[in-house]
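Listed below are the residues making up each chain.
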Amino acid sequence: MEAVDLNEIAEAVGTPAYVYNAEAIRRRHAELTAAFASVPHRIHYAVKANGNLAVLSLMRRLGTGADIVSGGELARCVRAGFAPADIVFSGVGKTGAELAEAAGLGLDSINVESVEELADLGRVAAALGRNVRVGIRFNPDVTAGTHPYISTGQSGIKFGVPCDQVADAVRVLRAHPALELRTVAIHIGSQITSVEPYRRGAGRLVELWTALREAGVSSITTLDIGGGLGIRYLDEEPPTPAQLAGAVVPSLRPTGLRLHLEPGRYLIGSAGVLVTRVLYRKLAGGKVFLVTDAGMNDLVRPSRYGAYHHIVELVRRRGPEQVADVVGPVCETGDFLALDRSLPPIQAGDHVAVLGGGAYGFVMASSYNARPRPPEVMVEGGGFRVIRRRETVEELMTGETE
Ligand code: LLP
């Protein structure tokens, strides 16, 4: 990774370990910023993709804001130095306490996902005696063509205010004058590999803005197209930032409004790997199994979404390829990192890197089977540093009583 040997990191911190490349994050950020340079815009990094404090601090220094979905992510962002005015709060089920905290801090926008939540926020604002900037995330009824678990823009799912409830939302805004509707938002899904859903989504945003204006709402400053830009895990050809901009800017620019983006995976997914060691090479039922010290508790995406993650050997060996299942130590048949994968003649003791581990990797890790979560390491400036040490077994029992 850059000039650093991942084997060296593995020896130093042990395995499994997540390793991120700061320079790769910077390059991605620069590419996205350049693509949208022709319109006033702001990138709010989706903290859920990777909320490590060092990652957040890097994003902040690059100039992004933050897109959060919980009070926990809010606390992380505050710790990493984000100003409240640089934070957007999304999420379908914010609690009253989360709304009150966010409203009290004066976030850039609290994006509500139901008319009920809008009314609750109105009451919170009145109780605080201050104006609160809100956004409404609408469900644009656009199919994103991604995995069903991460497709969020079609109707009939839990996300967003249905487009036919504009009038209800306007009624609530009238009843709660402390609410300032600033943002109209959508987020249509994740790991999107075509610009078409974005083109349709942007068109829908402009229609919603028009409908709200016609209903007398004149406070809107921002259109938010959410996150979701895909990356290459196998052979996908996701749109480039320039292609994404080409799809949405023509319809958004004439509004004269500011554009918000909420990328997570695009900024950090490809910038990270999970390094793991092969413990055993096992033959069973005519198959080869490579048993690694990382399991589904460390990286859940293969078993949860059937997601493909490329696996690269960190020790070069000559010889014919082998077809193997790469499996973890967790006591479930569904615990795998790869199935029927053609791989070089990797042997027990070798390190391998699981690519595409920067986003939705560590943040979705659990301690299932009482396995402490792996450390996180940042490669930067020709060296590396641990940005979160390995969890200990003792920590796993903290707070429990016998
Ligand atoms: N904004 C909102 C409101 C979101 O819900 C999400 C992701 C994002 C932005 C960022 O999306 P991104 O640019 O990262 O695609 N765990 C799944 C992904 C879940 C995404 C949820 N929402 C996975 O591992 O594929």
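Our subject is the structure that appears above.
Residues numbered from 1 in each chain as written. Predicted model: local features only at pLDDT ≥ 70, side-chain atom pairs only at ≥ 80, totals over all residues. Heavy atoms only, no water.

> Provide a residue-level description of the overall build of the chain, including the pertinent values.
Across its full length, the chain carries 12 helices and 18 strands. Taken against the 2.2 N^0.38 rule, which gives 21 Å for 402 residues, the C-alpha radius of gyration of the chain at 23 Å falls within 12% of a compact globule. The buried share of the chain, taken over its 402 residues, is 54%. As presented, the chain carries roughly 16900 Å² of accessible surface, and 51% of it is formed by carbon and sulfur atoms. Separation between the mean location of the 42 positive side-chain charges and that of the 44 negative ones in the chain comes to 3 Å. (Helix = DSSP H or I, 4+ residues; strand = E, 2+ residues; numbered from the N terminus. Rg over C-alpha atoms; globule rule 2.2 N^0.38 Å. Buried < 20%, exposed > 50% of the residue type's maximum accessible area, 1.4 Å probe, protein only. Areas by Shrake-Rupley, 256 points an atom, 1.4 Å probe, with all protein chains shown as cover. Lys, Arg positive; Asp, Glu negative; His and termini not counted. Charge placed at Lys NZ, Arg CZ, Asp CG, Glu CD.)

> Could you give an account of helix 5 (residues 96-105), with specific residues and numbers?
Listed in full, the buried residues belonging to helix 5 are Glu 98, Leu 99, Ala 102 and Ala 103. Projected down its long axis, helix 5 carries its buried residues within an arc of 125 degrees, all on one side. Buried positions along helix 5 lie against helix 4 (71-79), strand 4 (87-89), strand 5 (109-112), helix 6 (115-128) and strand 6 (132-139). Among the residues trailing helix 5, Gly 106 stands out with phi positive, at a value near 80 degrees. (Arc of directions from axis to C-beta. Contact = heavy atoms within 4.5 Å.)

> Break down helix 1 (residues 6-13) for me, with residues and values.
All of the buried residues in helix 1 are Leu 6, Asn 7, Ile 9, Ala 10 and Val 13. Looking straight down helix 1, one finds that the buried residues subtend no more than 160 degrees of arc, so they occupy a single side. Every exposed residue of helix 1 that faces more than 90 degrees away from the buried side is listed here: Glu 11 and Ala 12. For helix 1, the elements touching its buried residues are strand 1 (17-21), strand 11 (272-284), strand 16 (351-354), strand 17 (376-380) and strand 18 (383-388). Of the residues that open helix 1, the one with a side-chain oxygen 2.8 Å from the backbone nitrogen of Asn 7 is Asp 5. (Polar contact = N/O pair within 3.5 Å; in protein donor to acceptor, adjacent residues only side chain to side chain.)

> Got a sec to walk through the site of the ligand? Specific residues and values, please.
In the vicinity of the ligand there are 19 residues, among which Ser 190, Gly 228, Glu 262, Arg 301 and Tyr 360 approach most closely. Note that an oxygen atom of the ligand is positioned 2.9 Å from one of the backbone N or O atoms of Gly 264. Taking 580 Å² as the accessible area of the ligand by itself, protein coverage stands at 91%. For the ligand, the cavity whose grid points lie within 2 Å of the majority of its atoms is the largest pocket. The residue inventory of the shell around the ligand, partitioned by class, reads six nonpolar, seven polar and six charged. (Near = heavy atom within 4 Å. 1 Å grid on protein atoms, 1.4 Å probe; cavity = no way out; pocket = protein on both sides within 12 Å on 5 of 7 lines; lining within 4 Å. Sits in = over half its atoms within 2 Å of the grid points. Nonpolar A, V, L, I, M, F, W, Y, C, P; charged D, E, K, R; others polar.)

> Give me the pairing of strand 2 (residues 41-46): which residues, what numbers.
Burial analysis of strand 2 places five of its six residues in the buried class, the great majority of the element. As paired strands, strand 2 and strand 10 (residues 258-261) are joined by three bridges and run parallel to one another. The partner of Arg 42 across the bridge, within strand 10, is His 260. Sheet topology note: the strand 2/strand 3 (residues 65-68) ladder contains three bridges and is parallel. Directly across from Tyr 45, in strand 3, lies its bridge partner Ala 66. (Pairing = 2+ DSSP bridges.)

> Outline empty space enclosed by the protein, listing residues and values.
What the rule picks out here adds up to two cavities of 30 Å³ or more. By volume, the largest cavity is sized at about 50 Å³. Around the largest cavity, the lining residues are Leu 32, Tyr 198, Ile 225, Gly 226, Gly 227, Gly 228, Leu 229, Leu 244, Leu 261 and Pro 263. A breakdown of the residues in the lining of the largest cavity according to their chemical character gives seven nonpolar, three polar and no charged. Size it by volume and the second largest cavity reaches roughly 30 Å³. Around the second largest cavity, the lining residues are Ser 90, Asn 111, Glu 113, Arg 137, Ala 185, Ile 186, His 187 and Glu 262. Of the residues that constitute the lining of the second largest cavity, the class distribution is two nonpolar, three polar and three charged. (Points joined across faces, edges and corners; volume = space filled by probe spheres on them.)

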